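Listed below, chain by chain, are the residues.
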Amino acid sequence: QVQLVESGGGLVQAGGSLRLSCAASGRTFSNYPMGWFRQAPGKEREFVAAISWSGDSTYYGDSVKGRFTISRDNVKNTVLLQMNSLKPEDTAVYYCAAGSTIATLESGFWGQGTQVTVSS
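Okay, so let's go over this structure. Owing to the predicted nature of the structure, the values given are computational and were not obtained by experimental measurement.

## Considering the overall build of the chain
Item 1. Regarding its fold elements, the chain presents zero helices and eleven strands.
Item 2. Sequence-ordered secondary structure for the chain, helices as α and strands as β, is β-β-β-β-β-β-β-β-β-β-β.
Item 3. Scaling as 2.2 N^0.38, a compact globule of 120 residues should have a C-alpha radius of gyration of about 14 Å, and the chain matches this with 13 Å.
Item 4. Taken over the C-alpha atoms alone, the chain extends approximately 40 × 25 × 25 Å along its principal axes.
Item 5. A burial count over the chain gives 39% of its 120 residues as buried.
Item 6. Nonlocal contacts in the chain, meaning residues at least 24 apart in sequence, comprise 56% of its contacts between residues at least 6 apart.
Item 7. For the chain, the exposed surface amounts to about 6,100 Å²; the carbon and sulfur share of it is 48%.
Item 8. Within the chain, the 9 negative side-chain charges are centred at a point lying 3 Å from the centre of the 10 positive side-chain charges.

## Concerning the nonpolar core
Among soluble globular proteins, nonpolar side chains are generally buried collectively.
Item 1. By size, the foremost hydrophobic cluster in this structure holds 28 residues, and its most contacted members are M34, W36, L81, M83 and Y94.
Item 2. Put simply, the parts of the chain that give this core at least two residues each are β1 (2-7), β3 (18-26), β4 (34-39), β5 (46-51), β7 (68-73), β8 (78-83), β9 (92-98) and β11 (114-119).
Item 3. In this structure M83 touches G16, S17, L18, L20, R67, F68, Y94 and V116, once residues within four positions along its chain are discounted.

## Here's the deal with unusual backbone geometry
Item 1. In this model, N77 sits at a positive phi of 55°, which is unusual for a non-glycine residue.
Item 2. Tracing the backbone shows N77 in the loop between β7 and β8.
Item 3. Here S85, not a glycine, exhibits a phi torsion of approximately 50°, which is positive.
Item 4. With respect to the element layout, S85 can be found in the loop between β8 and β9.

## Description of the environment of S120
Item 1. Within the secondary structure, S120 is located in the segment after β11.
Item 2. In sequence terms S120 and N74 are 46 residues apart; their C-alpha atoms lie 36 Å from each other.
Item 3. Ignoring any residue separated from it by four or fewer positions in sequence, one finds S120 in contact with A14 and P88.

## A few points about the environment of S30
Item 1. Along the chain, S30 falls in the loop between β3 and β4.
Item 2. Take S30: its relative accessible area is 23%, and that puts it in the partly exposed class.
Item 3. Between the C-alpha atom of S30 and that of N74, which follows or precedes it by 44 residues, the distance is 5.4 Å.
Item 4. Residue contacts for S30: discarding those within four places in its chain leaves W53, R72 and N74.

What counts and what doesn't
- Residues numbered from 1 in each chain as written.
- Predicted model: local features only at pLDDT ≥ 70, side-chain atom pairs only at ≥ 80, totals over all residues.
- Heavy atoms only, no water.
- Helix = DSSP H or I, 4+ residues; strand = E, 2+ residues; numbered from the N terminus.
- Rg over C-alpha atoms; globule rule 2.2 N^0.38 Å.
- Buried < 20%, exposed > 50% of the residue type's maximum accessible area, 1.4 Å probe, protein only.
- Contact = heavy atoms within 4.5 Å.
- Areas by Shrake-Rupley, 256 points an atom, 1.4 Å probe, with all protein chains shown as cover.
- Lys, Arg positive; Asp, Glu negative; His and termini not counted.
- Charge placed at Lys NZ, Arg CZ, Asp CG, Glu CD.
- Core = buried A, V, L, I, M, F, W, Y, C linked by side-chain atoms within 4.5 Å.

Shape descriptors only; they carry no functional weight alone.
This is the structure:
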């Protein structure tokens, strides 16, 4: 089992920045690819970003490319999501996930989510 706890959400104006953090505990964190997903009210869950176990490879959803950056610290067992140039359409609950592979993140472990609200 891997336990994931997100933090760092909040209310920000459009154009602003937020940094989300996901703290992991349980099994060896560095073995797991990690990712961020989000879900807005009335919408399907959307892939945001993912990072390989080593941190060498990163992947982004089209809607956040060039604005968001995912990183990880395998010593501190954390994954960060730096979000810049935020838009109202980025408003959602953001979830951290850990899985056996990048492709199977959604069938792995999940955090409880953190709310991000971007005002126009």
